[in-house]
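Below are the chains, spelled out letter by letter.
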Amino acid sequence: MLSVDRLCVGYRTKKANIPVVRDLSFCMESERVLAILGPSGCGKSTLIGSLAGTVPIKSGTMTVFENGNPEPLSPKTHRIGVIPQNLGLLPWKTVRDNCLLPLRLRREPVTEERRKEIREIWQALDLMPLLDRYPTQLSGGQAQRAAVARAFILRPDLLLMDEPFSALDEITRQDARELFLSLWKRRPAVAILVTHSIEEALYLGHSVFVMGKREGKILLKTENPFFGVSDPRQPEYRQIRRLLRGRLRPDEEEDE
Ligand SMILES: Nc1ncnc2c1ncn2[C@@H]1O[C@H](COP(=O)(O)OP(=O)(O)OP(=O)(O)O)[C@@H](O)[C@H]1O
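The model shown is predicted, which means the values in this text are computed figures rather than measured ones. (Residues numbered from 1 in each chain as written. Predicted model: local features only at pLDDT ≥ 70, side-chain atom pairs only at ≥ 80, totals over all residues.)

A.B. asks: Looking at this model, I keep getting lost on the site of the ligand. Mind explaining?
C.D. replies: Taken together, Tyr 11, Thr 13, Ile 18, Val 20, Gly 38, Ser 40, Gly 41, Cys 42, Gly 43, Lys 44, Ser 45 and Thr 46 make up the full set of residues adjacent to the ligand. Of the residues forming the shell around the ligand, the biggest block, three residues, is contributed by helix α1 (residues 44–52). Looking at side-chain class alone, the shell around the ligand contains four nonpolar, seven polar and one charged residues. (Near = placed C-beta within 6 Å. Helix = DSSP H or I, 4+ residues; strand = E, 2+ residues; numbered from the N terminus. Nonpolar A, V, L, I, M, F, W, Y, C, P; charged D, E, K, R; others polar.)

This is how it looks when you write it as structure tokens:
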């Protein structure tokens, strides 16, 4: 389980302090995906960065409970798989080396069993013919698949995804979502997905948050019974979609 309690994060520039997230609290059970929606600039990437350990927090706690024992979330002690907005592939390394880098940094031995699993991930993502290419030699969709592979190869305890499929056309995007889901089901981790797509949030999130423009406030939290359901036609689906759409409109924030 992941617990975030009264998290405050901001940036300091030469001229000002910029508070971005204030007193944000939420809890996630194991093996769940949380999808976060919110207007541009509301602090979604900042939250992802805080959880990944790349953006320093001002106050608050982020705790992982394993077998009931609390431990502060840290990239040193936890496996945190990140798919950042820019994918974060190193241009001077091949797809193979990019994918294996997190394991090498952690000095993890690649056992025969692990090697088999890595191969299966590459095969599932159709990366085998691309392993010796460099990121600049990949299409947007191929690069995205390499970033997804890299995150899953780590066997993450926590998987953080910042608009991982945003650069893809609609058909490739649908394929990428399905691939993500099948990989996640094999080895379910606590996962947080930032997206601008309501449909994507409802396909990939067990629960969905809508963040507001001001101070990373959560305007709406909803459970989503349509996780992994493609082409839902039930009225309840349309109802949740309408609710989320309404909450994403800027003028809806004022009445909170
Ligand atoms: N390094 C930084 N220094 C100063 N301000 C920053 C920095 N990074 C982000 N910000 C500011 O923090 C706020 C939140 O940015 P963030 O990238 O978290 O938003 P976001 O919700 O992910 O946006 P988008 O949907 O456009 O990606 C914005 O006002 C942004 O200008």
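A.B. asks: What's the story with the packing of helix α4 (residues 140–153) against helix α5 (residues 170–186) in this structure? I'm lost.
C.D. replies: When two helices pack together, their arrangement is captured by the angle between the axes and the distance separating the axes. In the contact formed by α4 and α5, the axes pass within 11 Å of each other and the chain directions differ by 10 degrees. Regarding the angle of α4 to α5, the classification is roughly parallel. When α4 is examined against α5, the residues Gly 141, Gln 144, Arg 145, Val 148 and Phe 152 are found in contact with a partner set consisting of Thr 172, Ala 176, Phe 180 and Leu 183. Taken together, the residues of the contact of α4 with α5 break down into five nonpolar, three polar and one charged. (Axes fitted to C-alpha atoms, helices over the stretch in contact; angles between N-to-C directions. Parallel < 35°, antiparallel > 145°, perpendicular 65-115°, else oblique. Contact = placed C-beta atoms within 7 Å.)

A.B. asks: I'm lost on the nonpolar core in this one. Help?
C.D. replies: Side chains of nonpolar character tend, in soluble globular proteins, to be buried together. Ranked by internal contacts, the top residues of the largest apolar core, which has 63 residues, are Ala 35, Ile 36, Ala 149, Leu 160, Ile 192 and Leu 193. It is α4 that contributes the most residues to this core, eight residues altogether. Ignoring sequence-local partners within four residues, the contact set of Leu 160 consists of Ile 48, Leu 51, Ala 52, Ile 80, Gly 81, Val 82 and Ile 192. (Core = buried A, V, L, I, M, F, W, Y, C linked by C-beta atoms within 7 Å. Buried ≥ 20, exposed ≤ 12 C-beta atoms within 10 Å, placed from the backbone.)

A.B. asks: Any chance you could explain α5 here in plain terms?
C.D. replies: Note: α-helices contain 3.6 residues per turn, so residues at a spacing of three or four share the same orientation. Along its 17 residues, α5 runs 25 Å from first to last C-alpha, staying within 8% of the 24 Å computed at 1.5 Å per residue. When α5 is considered as a whole, its buried residues turn out to be Ala 176, Arg 177, Leu 179 and Phe 180. Within α5, the buried residues cover an arc of 165 degrees as seen down the axis, which keeps them to one side. Along α5, exposed side chains directed more than 90 degrees from the buried face belong to Glu 170, Ile 171, Ser 182, Lys 185 and Arg 186. The elements touched by buried residues of α5 are α3 (112–124), α4 and α6 (198–204). (Expected span 1.5 Å × (residues − 1). Arc of directions from axis to C-beta.)

A.B. asks: Sorry, what's going on with the sheet that holds strand β2 (residues 17–28) here?
C.D. replies: The strands making up a sheet associate through backbone hydrogen bonding, with each pair oriented either parallel or antiparallel. As summarised here, the arrangement of the four strands in space is β2-β1-β4-β5, forming an open sheet in which the pairing is antiparallel. Either end of the sheet is taken by a strand with one partner, and the two such strands are β2 and β5 (69–72). Direction aside, neighbouring strands of the sheet carry axes that sit 30 degrees apart on average. Note that strand β4 (residues 59–66) and β5 share four bridges and pair antiparallel. Residue pairing for β5: Val 64 is matched across the bridge by Glu 71. (Pairing = 2+ DSSP bridges.)

A.B. asks: For this particular structure, what's the right way to read the UniProt feature "domain: ABC transporter" (unreviewed entry) in the chain?
C.D. replies: With numbering aligned to this structure, UniProt lists the feature "domain: ABC transporter" (unreviewed entry) at residues 4–238. Across residues 4–238, the secondary structure splits into 32% helix and 27% strand, with the terminal C-alpha atoms separated by 30 Å. (UniProt positions renumbered as here; feature names shortened; annotations may be inferred.)

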